[in-house]
Amino acid sequence: MGLPDAIAACLFDLDGVLTETAVVHRKAWKHTFDDFLKRREGPGFRPFTDADYLDYVDGRPRADGVRTFLTSRGITLPEGEPDDPPGAATINGIGNSKNTLLLTVLEKEGVTAYSGSVRYIDAVYKAGLKIAVVTSSANGRAVIEAADLGRYVHVLVDGVVSAEKGFRGKPAPDSFLEGARALGVSADRAAVFEDALAGVEAGRAGAFGFVVGVNRSDQAEALRAHGADVVVNDLSDLLGG
């Protein structure tokens, strides 16, 4: 599996690691933030960029991503309520705008799993390793089922679970630690698989046995700097041959 012998469980991020939905997330965030910034600052607004996505949003819970990006632009908004309507000028309102757009796109276009990731998770499953999906997304279960990956997943820790249990979002390791706990393994016997800088930071912060950075956004060196033990362009690279 390309992993140390002591590893007994694999903890996979979802969007960008197992499924191609990270691209859809990025587009939804850009549309949402650009719309907000244009309304706030006028036609001369500075658009949301790919670098903004990678630095402030990727891998974080939805509200954390909104808050972190707006802080980078010197903007402070009220938190609002979790059920704020899309378009409301609150942290939750902006987050809900993005989620509404995301769900519309996913419904129209469906969900595709990376073929190399399917090969890898199938090999891991057949090798008898335990498998958890750990994602900040509140739509994790629907995405897993739409991508036909449900048969491999023993445990799901998604944004819904994290909110219910009061976990800090990535780069804090809380959700990954919960995935290991639910699988019955210690962190040092679990491997984390992440494409986001915040995710590999979480893997390192939790003292996991191995952290795999998945380089989907041409940021191999940054993934290493943030805590990845190894960086691959595709999970199938770990299988060799």
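Higher on the page you've got the structure.
Summary of the structure given here. (Residues numbered from 1 in each chain as written. Predicted model: local features only at pLDDT ≥ 70, side-chain atom pairs only at ≥ 80, totals over all residues. Heavy atoms only, no water.)

It is worth spelling out the pattern of salt bridges at this point. Applying the stated criterion across every chain yields a total of 16 salt bridges. D35 is the salt-bridge partner of R39, the closest N and O atoms lying 3.1 Å from each other. Linking R39 with D35, this pair stays in helix α1 (residues 21–41), spanning 4 residues, or about one helical turn. Its relative accessible area of 51% is what places R39 among the exposed residues. Members of the salt-bridge network, linked through shared partners, are D13, K170 and E194. (Salt bridge = Lys/Arg side-chain N within 4 Å of Asp/Glu carboxyl O. Helix = DSSP H or I, 4+ residues; strand = E, 2+ residues; numbered from the N terminus. Buried < 20%, exposed > 50% of the residue type's maximum accessible area, 1.4 Å probe, protein only.)

All right, on to the packing of aromatic side chains then. Within this structure, the stated rule accounts for 10 aromatic pairs. Between F48 and F69, the aromatic rings sit 4.9 Å apart at their centres with planes inclined by 85°, giving edge-to-face as the arrangement. With F48 in the loop between α1 and α2 (50–57) and F69 in helix α3 (residues 62–72), this pair connects stretches of sequence that are 21 residues apart. Taken individually, F48 and F69 each receive the classification buried, so the pair is uniform in this respect. Relative to Y152, the ring of Y125 lies with its centre 5.5 Å away and its plane at 75°, an arrangement referred to as edge-to-face. Placement of Y125 in helix α5 (residues 115–126) and of Y152 in the loop between α6 (140–146) and β3 (155–157) is noted, with a sequence separation of 27 residues between them. Of the residues examined, Y125 reaches a relative accessible area of 37% and is grouped as partly exposed. On the accessibility criterion, Y152 (4% relative accessible area) is buried. (Phe/Tyr/Trp six-rings, centres within 6.5 Å; stacked < 30°, edge-to-face > 60°.)

Here we take up the sheet that holds strand β4 (residues 190–194). Pairing is parallel across the open sheet formed by 6 strands, whose spatial order is β3-β2-β1-β4-β5-β6. Where the open sheet ends on each side, the last strands, each with one partner, are β3 and β6 (230–232). Between one strand axis and the next, the sheet turns through 20° on average, direction left out of account. Across 3 bridges, the pairing between strand β2 (residues 130–134) and β3 is parallel. In the sheet register, V134 faces β3, and the bridge partner there is V157. (Pairing = 2+ DSSP bridges. Axes fitted to C-alpha atoms, helices over the stretch in contact; angles between N-to-C directions.)

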